[in-house]
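As a plain string of letters, each chain reads:
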Amino acid sequence: RGLSRRHLFGAGAAALGAAGLGWGAQEIVDHSTTGTDTDGGLTEPFHGPHQGGIATPPQAHAQFVGLDLRENADRAMVAGLLTVWTQDAARLTAGTPALADTEPELAATPARLTVTVGLGPGMFSAADVTDRQPSWLRPLPSFPIDRLDENSWGQTDLLLQVCADDPVTVAHAVRVLIKNVRSLVTVRWSQRGFRNARRSHPDGTTMRNLMGQVDGTVNPAPATEEFNRLVWDDGSRHRWLTGGTSLVLRRIRMELDTWEEIDRPGRELTVGRTLDTGAPLTGTAEHDDPDFTATDTLGIPVIPPGSHIARAHHTHDGERFHRRAYNYDDPPQPGQVSNSGLIFASYQRDIDTQFLPVQQRLAEFDALNQWTTPIGSAVYALPPGTGPDGYLGDTLLE
Ligand code: HEM
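A quick note: this is a predicted structure, and the numbers were derived from the prediction, not measured. (Residues numbered from 1 in each chain as written. Predicted model: local features only at pLDDT ≥ 70, side-chain atom pairs only at ≥ 80, totals over all residues.)

Let us now look at the overall build of the protein chain. A count of helices and strands for the protein chain gives eleven helices and nine strands. Compactness check: the protein chain gives a C-alpha radius of gyration of 22 Å against a globular reference of 21 Å for 398 residues, within 12% of the reference. Summarising its shape, the C-alpha atoms of the protein chain cover approximately 85 × 55 × 45 Å along the three principal directions. Evaluated residue by residue, the protein chain yields a buried proportion of 40% over its 398 residues. Sequence-distant contacts, at least 24 apart, represent 76% of the contacts inside the protein chain between residues at least 6 apart. (Helix = DSSP H or I, 4+ residues; strand = E, 2+ residues; numbered from the N terminus. Rg over C-alpha atoms; globule rule 2.2 N^0.38 Å. Buried ≥ 20, exposed ≤ 12 C-beta atoms within 10 Å, placed from the backbone. Contact = placed C-beta atoms within 7 Å.)

Listed below in structure tokens is the structure:
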């Protein structure tokens, strides 16, 4: 069926209205969810002392997008870009279309959308604020286990982390956020991740990764004194970062073909936890404390000293951080069966003192290393949250 002139003019007028006037005053309703028992309308707060997507109970879907500033970018341009992102994110997370949103219906299902902005070293240079760059904001040292693909998954000037329980919401938010600033940035990479779907398990259930393990058990609980101390910056070194934090983003491939050759006890000894409940090999329930000193009747440690949890366990309180990983399962290369792994994301006040010693220990030895390969690595400063009159990053740039 051909399009009539009326259709064409109608569509053109709608696009003009969207671009020129915005959808601000018009309430867009997703009729497919009204009056039904759905979670699509749930929202997470955008404004506040911290950015969303860090302490937020993990949503089912995530997209991490690494972007580079164009060559002529300066401080004013970066401030403009962060202002646009803040305004768009404030609206989208509330379930309101962004300004000039050409698909406003897609914005009507926020599904707990969060947008988190990260700043890489190149952004500090472009905006001429390297005197305010935290000392830990630099690429991690290279480890012998790494097989990094810099072009595909390496360090970028900026990061967008977009999470929601609905993948359509994520795709729309990413599209809107990027297309509105495309004269200022280029996209280097995009990593899509997922967890168990919302309500396929009771809220608060620890996720499973694609090796089948319960992943994320040992983590500081949000909104506790411990979490605040380990994750949120107190501004003692950089006032602008008060309430912000850092992100280490590692893309880690899982060698599932060879992992599947290991029997169940072998897999459990590799991690130091059981596969069914995720309990430590010395306990019966997921959240039991592991006993790294326990031995069997032959005097052999129950949790092998080379197991993942024995190696990753903090040696002092300052070596802890908040993990919020996502699975990835992308199309395989020709001839391969799968292309799966973990988008490992950890948040901490100081990468050098909290994260690095643990990563160094794991790189030296971790029984799991035989089946995991880091292929991407990037670090970012995550500025604090903002109020209705500010923008993300304003404390750094003003
Ligand atoms: C614990 C899997 C990479 C740090 C665990 C656990 C699993 C797991 C199943 C036990 C349950 C839990 O507490 O979450 C994996 C997989 C990885 C990976 C499949 C790679 C594909 C890493 C990396 C780091 C790390 C790169 C940090 C450099 C930790 C820490 C714990 C942990 C700190 C808690 C240890 C404890 O105190 O018991 N991981 N992990 N993991 N992992 Fe990983």
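Following the structure, the description resumes.
What follows deals with the site of the ligand. Lining the immediate environment of the ligand, one finds 25 residues, of which Gln213, Thr217, Val218, Ala312 and His313 sit closest. Listed by contribution, the elements that provide at least two residues to the shell around the ligand are strand E5 (245–254), helix H9 (308–312), strand E8 (339–348) and helix H10 (351–364). Of the residues in the shell around the ligand, the class split is 13 nonpolar, nine polar and three charged. (Near = placed C-beta within 6 Å. Nonpolar A, V, L, I, M, F, W, Y, C, P; charged D, E, K, R; others polar.)

In this section: helix H5 (residues 167–179). Relative to the 18 Å expected for 13 residues at 1.5 Å per residue, H5 spans 18 Å between its end C-alpha atoms, a close match to the ideal helical length. Within H5, burial applies to Thr169, Val170, His172, Ala173, Val176 and Leu177. The buried side chains of H5 occupy one side of the element, clustering within an arc of 165° when seen end-on. (Expected span 1.5 Å × (residues − 1). Arc of directions from axis to C-beta.)

When the UniProt feature table is mapped onto this chain numbering, "domain: Dyp-type peroxidase C-terminal" (unreviewed entry) sits at residues 207–385. In residues 207–385, the share of helix is 21% and the share of strand is 21%. The end C-alpha atoms are 27 Å apart. (UniProt positions renumbered as here; feature names shortened; annotations may be inferred.)

With 14 residues, H10 ought to run about 20 Å at 1.5 Å a step, and its terminal C-alpha atoms sit 18 Å apart, in line with that. Within the span of H10, buried status applies to Ile351, Gln354, Phe355 and Gln359. Against the buried residues of H10 lie helix H6 (225–231), E5, E8 and strand E9 (372–382).

Glancing now at the pairing of strand E1 (residues 61–69). Among the nine residues of E1, eight are classified as buried, and the element is accordingly described as predominantly covered. Pairing of E1 with strand E3 (residues 158–164) involves seven bridges; the strand directions are antiparallel. Bridged to Gly66 within E3 is Leu159. Where E1 lies against strand E4 (residues 185–194), nine bridges are found, and the strand directions are antiparallel. Among the inter-strand pairings, Asp68 is bridged to a residue of E4, identified as Thr186. (Pairing = 2+ DSSP bridges.)

Below, the discussion takes up the environment of Leu368. Mapped onto the elements of the fold, Leu368 is located in the loop between H10 and E9. Sequence separation between Leu368 and Val271 is 97 residues, and the spatial gap between their C-alpha atoms is 6.8 Å. Each residue touching Leu368, except ones within four places of it in the same chain, is listed here: Thr270, Val271 and His308.

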